[in-house]
Structure formats: C-alpha cells, structure tokens
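Topology and contacts: notes
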Amino acid sequence: MPLRTIHDLNAKGKRILLRVDFNVPFDTEGEISDDTRIREALPTIQLLLQKGAKIILISHLGRPEGKVVEELRLDKVAKCLEMLMRKPIKKLNESIGEEVQKQVDQMQEGEIILLENIRFHAEEEKNDPRFIQQLAVLGDIFVNDGFGVSHRAHASSYGLGNIMSSYAGLLIEKEVNALTKLMENPEKPFTLIMGGAKIKDKLGILEKFIEKADFFLIGGGIANTFLSAKGIKVGNSLCEKDMADRAQEIEKKFEKNPEKFLLPVDATVAKEPGETVETQVVTIENVTDDMKIFDIGPQTIEKYCEIIRASKTIFWNGPMGLTEFTPFQNGTRDIATAIAQTACTSVIGGGDSSEIIKHLGFTDEQFSHISTGGGASLEFLSGKELPGLKVLYG
C-alpha cells in the first residue's frame, strides 16, 4: 500500500497536529549545538503553510520520564525555529488542557503553535488512550514527520495516527524512500559499515542483509565483541561477552564467503581514554590485558577505505572509535572522508552517527542521505514494522 503523504492533502483552514522530532543536542552552555532536526522539518511546515493550515507542533526533548524538567522545556527550540522560519512561533507551557485549547481555537490560517515537551506527560510513552484523545481534540488532521520516533508506539505518533485522519510529512517520505531503496534495489557493490557500542542494536540489520550486501565492515565496540567471540583477546576493551553466541551465529553465516565480513586487523589502544593519553597501534593479536581498544588501526582503515572506494551503495551506522577524544577519531574521520569522496549512494544512519560526522566537519551535501533516526532506521532496515509508520499506509 502507498504511503499517504501531504502532497494531496487539503489543509486550508484545518488545524494540523504535526509530530516533529526536535530532540536536538545542546552544548555545555545550554545552547542548541546542532539544529539539523529542526531544519529537516521545515519543508513540511512550509508546505502546510502554503496550503493555508494552522499548525500545532508536537515534539519531545530529552528524557524527562513523565515529569516537568525545566531545562528540557522547548523555549530555545521555539526561538531557533522562529529564526529559521523568520516567522513568530507561539510556544505554550503545556501540551493539553483548557488554556491550550483556548489558544488553538484562536488560531488563524498560517499561524504556528509549539506545544510543550510532550514527554513531560508519562502518558505519552504509555500510549494512554485518554491522553491521545486530549491531544486529538486540538486538531482536525494528524501529520507525522518525526521519523526518529516512529519506531515507538507512543501517543503522539502511533496513538494519534491510529484514530485521526493521518498523513506522512515530507521528511518521513524522504526517509522511507532512501531506506527502501537500500532494501529493494541497491546498486552493487553494496557495503554495510557497522560501528558503535552495542551489537544487540545491529543484529537485525546484519542478519537481514547477509544475502543483499557484498561487504560488511565492522568497527567500534561491536568489533570487540566479534573478536572476543572468536577467541581473540581484546584486553580491557568495551565488549559484550554475553552476546558471544549471537556474534558467532552471525559470523558462521559467512563461512562460505569470509572475505565479505571484515573485522579490524589492528587497533589504536591506550590504557584509558583522554585527549593527551599515550596511544599505541598494535595488531589485534598483540592486544594485552592492560590495553583498551579505542579505534581501528591504520591497516584496517586502509583496507576498509579500499572497499568503500569501489562501492556503489553504502550504509553506515556507528563510529569506528571513541570519537569524543581526538586521538581516537582517525578511523571514523577517514571512513567518512572515503565515503564523501566516492561516487556512490551513501546513507548515514541517524543518532550518534550523524552528530559525529558533523562534529568532525562534514556536511549533509557530502552524503546522499543522512537519516534523522538512528534506532528507527536500523529497525526499518531490519524489516521490523514501525508503529508510527504503519498507520500512514493505505
């Protein structure tokens, strides 16, 4: 079934409940450090305004766990949106209730209201039916453009989409198209690059793409788990020893084509992380008990980049090392550079991956698509049904 999108939506004079993902990162000074998620919502907002809609924005920020947390209010998000839109945004201090209803009832065409952090209400993550109804009375039509929350069955995504006339925004349409292309018709050679800390988050996509991808390049903490499962000592490194059986199951599926599944052959190690620590490059076989692996080594980088440069399609999720510290950024930076310089379709998984490459100085234009949802993109590519998307089809 086709995805229902806002292209053919008659929104004139209608109150549009628009779920966005404004869960942006903040720096140590309490200012927004990356406004990408806000910018990505602009095309949908602008199209709805052109159609004469009244827009009521719904978003979360952080993990307040159902309580009001002052530093997680959306005031700074509203100011950022105002600056980007060059248009007044009325930010409310609640998400539901009489005062919210009063403000919505007074809206004129072309006006925008931003509700307070939806996760100040515990009912949001519980998908509480009464809370869903309290939100639903504020609008005539529901539009979901928060791809990053669409893998959760929450009230403001799945709940509203289930009971209201619902449509996908332009960002969700873009995400679905980019990720579907990877699943259905990737140009070969197709390379999957997997890093980050937790192997559990990556198992589904590894299993799903065993027959579809030509190469799997493994780095980060999950590489340590695979190496340890093979009986290779990884010293005092981050490693999920309880996932050894699953790691062995995955690697066993590559027995006939071991050249497809690559693990690091060397690593940058240190005794502890830091900006000024003494580092060392060692082959994987020479990692001692007092060492911690914090990045892939130069031989591994060279081999991985060689494969990347010959690829026509690439999906990458998760850093190759502990990029919080400069001495351990080489693997991630060199991998990103190789992808950016290769003429291919390149899709970067969201979450930490997109934040890290921007922190390292790369731009959106250097890649075909940077997903706004880390967990959502992984679950989508794993073949799982995303509740927030499920209600937008047909």
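Residues numbered from 1 in each chain as written. Predicted model: local features only at pLDDT ≥ 70, side-chain atom pairs only at ≥ 80, totals over all residues. Heavy atoms only, no water.

**Structural notes on the nonpolar core**
Ranked by size, the top nonpolar core spans 51 residues in total, and within it L192, F209, F216, I218, F226 and F315 carry the most contacts. Looking at this core, the elements that each hand over two or more residues are α7 (170–184), β7 (190–194), α8 (203–208), β8 (215–218), α9 (220–229), α10 (244–252), β10 (266–270) and α14 (374–381). With 35 residues, the next largest nonpolar core counts L72, L74, F120 and V143 among its residues. (Core = buried A, V, L, I, M, F, W, Y, C linked by side-chain atoms within 4.5 Å. Buried < 20%, exposed > 50% of the residue type's maximum accessible area, 1.4 Å probe, protein only. Helix = DSSP H or I, 4+ residues; strand = E, 2+ residues; numbered from the N terminus.)

**Points about the packing of helix α1 (residues 36–50) against α7**
The geometry of α1 relative to α7 is characterised by a closest axis approach of 7 Å and an angle of 130 degrees between their N-to-C directions. Comparing the axis directions of α1 and α7 gives the class oblique. Along the contact surface, α1 presents E40, P43, T44 and L47, while α7 presents L170, L171 and K174. Here the residues of the contact of α1 with α7 sort into 4 nonpolar, 1 polar and 2 charged. (Axes fitted to C-alpha atoms, helices over the stretch in contact; angles between N-to-C directions. Parallel < 35°, antiparallel > 145°, perpendicular 65-115°, else oblique. Contact = heavy atoms within 4.5 Å. Nonpolar A, V, L, I, M, F, W, Y, C, P; charged D, E, K, R; others polar.)

**Side note on the sheet that holds β7**
On the basis of which strands lie adjacent, the open sheet formed by 6 strands has the order β9-β8-β7-β13-β14-β15 and parallel pairing. Across the chains shown, the open sheet's two edge strands, defined by having one partner strand only, are β9 (261–262) and β15 (369–370). Strand direction decides the pairing type here: β8 and β9, joined by 2 bridges, are parallel. Each residue of the ladder has a partner; that of L217, found in β9, is L262. Contacts from helix α12 (residues 330–340) reach β7, β13 (313–317) and β14 (345–348), with the element oriented near 155 degrees to β13. (Pairing = 2+ DSSP bridges.)

**Some remarks on the state of the cysteines**
If you walk through the whole model with that rule in mind, you get 0 disulfides. Among the cysteines around C305, which has no disulfide bond, C344 carries the closest sulfur, lying 12 Å off. By relative accessible area, C305 is classed as buried at 6%. Judged by relative accessible area, which is 17%, C344 ranks as buried. (Disulfide = S-S within 2.5 Å.)

**Describing the pairing of strand β12 (residues 292–296)**
It is a general feature of regular strands that their side chains alternate between the two faces of the sheet. Within β12, 5 of the 5 residues are buried, which leaves the element mostly enclosed by the surrounding structure. As defined by bridge partners, β10 adjoins β12 across 4 bridges and the pair is classed as antiparallel. From the neighbouring strand, A270 faces β12, where its bridge partner is K292.

**Digging into α10**
Each turn of an α-helix holds 3.6 residues, which means side chains three or four residues apart point in the same direction. Residues of α10 that are buried: A247, I250 and E251. Along the axis of α10, the buried positions cluster into a sector of 95 degrees, meaning they face one direction only. When the buried face of α10 is taken as reference, the exposed residues oriented beyond 90 degrees from it are D245 and K252. Summarising the contacts, the buried residues of α10 are in contact with α8, α9 and β9. (Arc of directions from axis to C-beta.)

**Examining the pattern of salt bridges**
Evaluation of the coordinates by the stated rule reveals 20 salt bridges. Close ionic contact of R39 with D35 constitutes a salt bridge, the shortest N to O distance being 2.9 Å. Judged by relative accessible area, which is 45%, R39 ranks as partly exposed. Judged by relative accessible area, which is 17%, D35 ranks as buried. By sharing partners, the salt bridges in this structure join E70, R73, D75, K91 and E116 into a single network. (Salt bridge = Lys/Arg side-chain N within 4 Å of Asp/Glu carboxyl O.)

**Focus: the environment of F325**
Structurally, the position occupied by F325 is in the loop between β13 and α12. Residues F325 and L115 lie 210 residues apart in sequence; the distance between their C-alpha atoms is 37 Å. Contact partners of F325, with chain neighbours within four places excluded, come to P273, G274 and E275.

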